Amino acid sequence: MFDLARQHSDRDLVHLEIGEPDFDTPEHIIDSAAKALRNGATHYTTSAGIPELRTAIATDLDSEYDPESEIIVTAGAVEALALACLTVVDPGDEVIIPTPSWPNYQIQAIMAGGEITNVPLDEERGFSLDIELLTDKITDDTAAVLLATPSNPTGQVLDSSATAEVVKAAANHDAYVIADEVYKDIIYNQESTPIAANTAYPEHVITVGSCSKPYAMTGWRVGWFAADSEIIDAALEFHESIIACAPAPSQQAAVAALTGDQEPVQSIFSSLSERRDYVVERVESLPGVVCPEPEGAFYAFLDCGELERNSTTISKQLLEEHGVVTVPGTGFGPGLDDYIRISFANSLDRLELGFDRIEKYAESVQ
């Protein structure tokens, strides 16, 4: 859809497809990187990352990960997720992915030679975990279960008791839970506990995180991989062979992000919260469209089943006829052709214009 939108670059498009905050990185983070560069942060660091950043990450994770032996600083969460698959998945092993899910999970499992089992989330309960269905799928052939909370594309936050049951079931079969928590600092109106901090089997959890979303640092490419030291030792071999180390100035910026002034971050969160409330209000008034209320992240997964068109058709018609860029639900797993995903990481003015156009489209096809 992003590529199709480029063909209409001469038009006033409302971009609701991009999963990226529309804010610039806070100034104090930029200043810390600039200072570090002038002071010589232009060289390799240790492969696992600078010690002060690993310490800051351990504190941020609210768990008992040892910063010296259980954390790797990665080139964004994308690399961390790939490392997780490469480290614990052997060719032919099963990787269980609850869907809808971010499509990169599928590719990363395939890269490691894994066999994917998609397990549908409970659509009638807002895409929550169906514990019995999921745990019954875990067998001795399972290498990993991938849990994302909050979720891309639904914005749902997984119940902590449910995730604890999944980790227990995985541990009983010597499998791992890969916990994608990149949106953990963008949660509305509720508390959430990190998966590794809420289980009796933390050695079976690999936690993935990033500064990209809460600190508007997508271009800095700095994230983390936290796990038991045995897993870290194996993952470091892949990490060193792929990128050697995360960018030195980005690591210094991440230290400032995690340990410095949090007021700009709260400002970003407040803006996202306001936009989320606006989206919920607008969706309620759309003819033929509903969605589970986003609990975190900055996505809404719109159920357009009553419009009686498949998701690709809807997204293309919204783009070509109404100038709104969205993402078809089929990109997030099987059986999701009634859905489109929007990102509300955009200004209220642009969201208003986008929803006015979506509403006009929905009315026209009813």
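Throughout what follows, the structure given in this document is the object of discussion. What you see is a predicted model; the values in this text were computed from it and never measured.

About the thresholds
- Residues numbered from 1 in each chain as written.
- Predicted model: local features only at pLDDT ≥ 70, side-chain atom pairs only at ≥ 80, totals over all residues.
- Heavy atoms only, no water.
- Helix = DSSP H or I, 4+ residues; strand = E, 2+ residues; numbered from the N terminus.
- Rg over C-alpha atoms; globule rule 2.2 N^0.38 Å.
- Buried < 20%, exposed > 50% of the residue type's maximum accessible area, 1.4 Å probe, protein only.
- Contact = heavy atoms within 4.5 Å.
- Areas by Shrake-Rupley, 256 points an atom, 1.4 Å probe, with all protein chains shown as cover.
- Salt bridge = Lys/Arg side-chain N within 4 Å of Asp/Glu carboxyl O.
- Axes fitted to C-alpha atoms, helices over the stretch in contact; angles between N-to-C directions.
- Parallel < 35°, antiparallel > 145°, perpendicular 65-115°, else oblique.
- Left-handed = near helix turned anticlockwise from the far one by under 90°.
- Nonpolar A, V, L, I, M, F, W, Y, C, P; charged D, E, K, R; others polar.
- Phe/Tyr/Trp six-rings, centres within 6.5 Å; stacked < 30°, edge-to-face > 60°.

## Notes on the overall build of the protein
Looking only at helices and strands, the protein features twelve helices and twelve strands. A globule of 366 residues ought to have a C-alpha radius of gyration of about 21 Å, and the protein, at 20 Å, matches this closely. Across the 366 residues that make up the protein, the buried fraction comes to 55%. Within the protein, contacts between residues separated by at least 24 positions form 75% of all contacts whose residues are at least 6 apart in sequence. Only carbon and sulfur atoms are counted for the fraction: they give 45% of the accessible area of the protein, which is about 15,400 Å².

## Here's the deal with the pattern of salt bridges
Evaluation of the coordinates by the stated rule reveals ten salt bridges. Residues Arg125 and Asp122 are paired through a salt bridge, measuring 2.8 Å at the closest nitrogen-oxygen approach. On the accessibility criterion, Arg125 (52% relative accessible area) is exposed. When salt bridges that share partners are traced, they join Asp12, Arg350 and Arg357 into one network.

## Some points on the packing of helix 4 (residues 76-88) against helix 8 (residues 229-242)
When two helices pack together, their arrangement is given by the angle between their axes and by how far apart the axes lie. Packing of helix 4 against helix 8 brings their axes to within 9 Å, and their N-to-C directions diverge by 120 degrees. One element, helix 4, and the other, helix 8, form an angle in the oblique class. The way helix 4 lies across helix 8 gives a crossing that is right-handed. Facing helix 4, whose interface residues are Glu79, Leu83, Leu86, Thr87 and Val88, helix 8 presents Ile231, Ala234, Ala235, Phe238, His239 and Ile242. Across the contact of helix 4 with helix 8, the residue classes break down as eight nonpolar, two polar and one charged.

## So, the packing of aromatic side chains
In this structure the tally under the stated criterion is ten aromatic pairs. Measuring from centroid to centroid gives 5.1 Å for Phe298 and Tyr299, while their planes differ by 50 degrees, and the two rings are tilted. Exposure remark for Phe298: the relative accessible area of 0% places this residue in the buried category. With a relative accessible area of 1%, Tyr299 lands in the buried category. Taking the centre distance of 5.8 Å and the plane angle of 90 degrees together, the rings of Phe301 and Phe332 count as edge-to-face. Here Phe301 is found in strand 9 (residues 299-303), whereas its partner Phe332 is found in the loop between strand 11 (327-328) and strand 12 (339-343), with 31 residues between them in sequence. By the burial criterion, Phe301 is buried, and Phe332 matches it.

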